[in-house]
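Tertiary structure, described
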Amino acid sequence: MSNKPQSKAEVLQGTLDLMVLQTLASLGPQHGYAIAARLEQISRGALQLNMGTLYPALMRLEQRGLVRGNWGTTETNRKARFYQLTPAGRRELSKERQTWDQMAGIIQTLLHDRT
Amino acid sequence: MRTLREWIRRLWETMYPGRRDGDLEQELRSHLELAAEDAQRRGLDPDDAARAARIEAGGVSQAMDALRDQRRLPWLEDLVCDVHHGLRALRRTPVFASVAIVTLALGISANTAIFSIVNGVLLRPLAYPRPAQLMYLDTELPALGFSQFPASVAEYLEFQQFNRSFADVGAFRTGEANLMAGDRARRVRSAIVDAHLLNTLGVQAAQGRLFAGGETGVPSPPPVAVISYELWQSAFGAQPIISHGVDVDGRRLQVVGVMARGADLMDNHTEIWLPLGFTGDERRARNNHNLHLVGRLNDGATVASAQTELNALIETWGARTGITPGPGHAGHVFLPLAKGSAGHILQMTPLAHQILGRASRSIWVLQAAVGLVLLIACANVANLLLGRAETRQREFAVMTALGAGRSRLLRKAMTESVILSAAGGALGVLLARAGVEALVRAY
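Residues numbered from 1 in each chain as written. Chains lettered and ligands numbered in written order. Predicted model: local features only at pLDDT ≥ 70, side-chain atom pairs only at ≥ 80, totals over all residues. Heavy atoms only, no water.

**Thoughts on the interface of chain A and chain B**
In this assembly, 24 residues from chain A lie in contact with 26 residues from chain B. Carbon and sulfur atoms supply 59% of the area buried between chain A and chain B, which totals about 2,300 Å² over both sides. Its largest share of buried area at the contact with chain B, chain A owes to Tyr33, Met51 and Met59 of chain A, together 31% of the area lost on that side. In this assembly, chain A and chain B are joined by 2 salt bridges. Note that Glu37 of chain B is salt-bridged to Arg78 of chain A, the shortest N-O span being 2.5 Å. For the pair chain A and chain B, the number of links is 8 residue pairs in polar contact (both at pLDDT 80 or more). The set of elements that each furnish at least two residues to the side of chain A that touches chain B consists of α2 (32-42), α3 (51-63) and β3 (79-85) of chain A. It is α3 of chain A that provides the largest number of residues to the side of chain A that touches chain B, a total of 9 residues. When its residues are assigned to classes, the side of chain A that touches chain B shows 11 nonpolar, 7 polar and 6 charged. (Contact = heavy atoms within 4.5 Å. Buried area = accessible area lost by both parts, 1.4 Å probe. Salt bridge = Lys/Arg side-chain N within 4 Å of Asp/Glu carboxyl O. Polar contact = N/O pair within 3.5 Å; in protein donor to acceptor, adjacent residues only side chain to side chain. Helix = DSSP H or I, 4+ residues; strand = E, 2+ residues; numbered from the N terminus. Nonpolar A, V, L, I, M, F, W, Y, C, P; charged D, E, K, R; others polar.)

**Here we look at the nonpolar core**
Val20, Met51 and Leu54 of chain A together with Leu28 of chain B are the most contacted members of the largest nonpolar core, which totals 29 residues. Of all elements in the fold, only α1 (8-27), α2, α3 and β3 of chain A together with α2 (21-41) and α4 (60-71) of chain B reach the threshold of two or more residues within this core. Excluding its chain neighbours within four sequence positions, the residues that come into contact with Leu54 of chain A are Val20, Gly32, Ile35, Ala36 and Leu49 of chain A together with His31 of chain B. Formed by 26 residues, the second largest nonpolar core is a distinct cluster that contains Phe278, Leu291, Ile345 and Met348 of chain B. (Core = buried A, V, L, I, M, F, W, Y, C linked by side-chain atoms within 4.5 Å. Buried < 20%, exposed > 50% of the residue type's maximum accessible area, 1.4 Å probe, protein only.)

**What to know about the sheet that holds strand β1 (residues 30-31) of chain A**
Residue and element names in this part refer to chain A. Pairing within the open sheet is antiparallel, and its 3 strands lie in the order β1-β3-β2. Both edges of this open sheet fall to β1 and β2 (67-73), since each of them pairs with a single strand only. Of the pairings in the sheet, the one linking β1 to β3 comprises 2 bridges and is antiparallel in character. Paired with Gln30 across the strands is Tyr83, a residue of β3. (Pairing = 2+ DSSP bridges.)

**Some words on helix α7 (residues 153-162) of chain B**
It helps to recall that an α-helix has 3.6 residues per turn; residues three or four apart then point in one direction. Across the 10 residues of α7 of chain B, 7 count as buried, placing the element largely inside the fold. All of the buried residues in α7 of chain B are Val153, Ala154, Glu155, Tyr156, Glu158, Phe159 and Phe162 of chain B.

Right, here's the structure in full:
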């Protein structure tokens, strides 16, 4: 693991990866559009992912072995590629959640505590 | 470490792509269809829905670009692309390309050839152990007008005895001899040396042995010889030669050793080494100068300290030897030059300088000249490229309009130049090899 500070693009990438993993954990196997729609919904429209952002992220996760993709059909009988978490993906998700919670807690304390 | 793994993976992906482009595109299109479907469900009509989906989700080609950047090594693919384009562009203007390549080749070949010589002759140290310690000694005899003159036997032996700066000093003569090898007579270059010289130089025998101390410096050296490795190969067919006899100038000599490959005496191209002897008469013939001397400085001595000692010795040479300067053999002795026309000194020069001497200056001048030639060649090619760039302005404008950034255009231009240089360099190296061979043969 490299120790150099993450650049801004990497931080965004890392956050997006985490969001995708969590979405798949909550909703089960989904195709790309469903993941994007879900994230847009949860964020009340703040997070609008275009294909150029989403699919590189999915590809990254697939390359790292955290998700697995297979072609399938939607309820409306369209062909789509569905992604699901792998066991490695689950482990990575829980690890990332811990890191995130820890970091969020520290920042929260730093910014808002009056001690 | 992770970045290295990442890099390797991307390289692999570039060569053997995992998911095919078609597959990715299909996934993107399905994304758009699903988005349009969703929009229709929200109440838009099909056309508006499709448009809305495209606007929100972005374009397929942009997404494909983003995916490509993610998986592969974009700069590598760009490089391959640029090389292709560069070659095509150069093929379209063959006259320019050939002129540029030939110009570069000429400049590079001249430099490579001359520098090979500089490197081989001037920069490479002498092939003796610790060559910086080796000094060539000879005499100066202004009375006869000689600034470089051999030494006499007596002077050599006295110097050996008197000096403290040299670990060893040896003497030699060079010449030619007639050698009977098989049934053919050959004229070979000879070096008549004493054991001290072989020890001073530090040359080794590849087979057999060299001369022992008792075989040289005596009035009647034994009939032995050492031949060079090259002569052993060429004249004796690399057959066993030790203890065999050879005919040299009518005398039968026994070969006691074969010199190591490449061993030589000051570029003499020595093929046969013979033992040096001094008779009593030769020792007494003080003004018969026929020996060249080479000495190896002591480990602690410097050239300056040895020179100082030599100057001091020359001042007192007459006193040490008990000889009063006078005419004829009996009065011939070293004397400082300051004493006028009778002055006669022993002088020392670093061996490398003695061997190369005047030649080194010519070679350096030649190197400077071809260096300038290369500069001129580069200036010419730069002019050619400049002229060419002007005629390609429209081409670059189109590329800019299609979205190429400045750095990308620069990379393309540089790739072309690198292709030209590589071709010119390759051709230049080939020419240089031929050139060096020709030069070596000519000299």
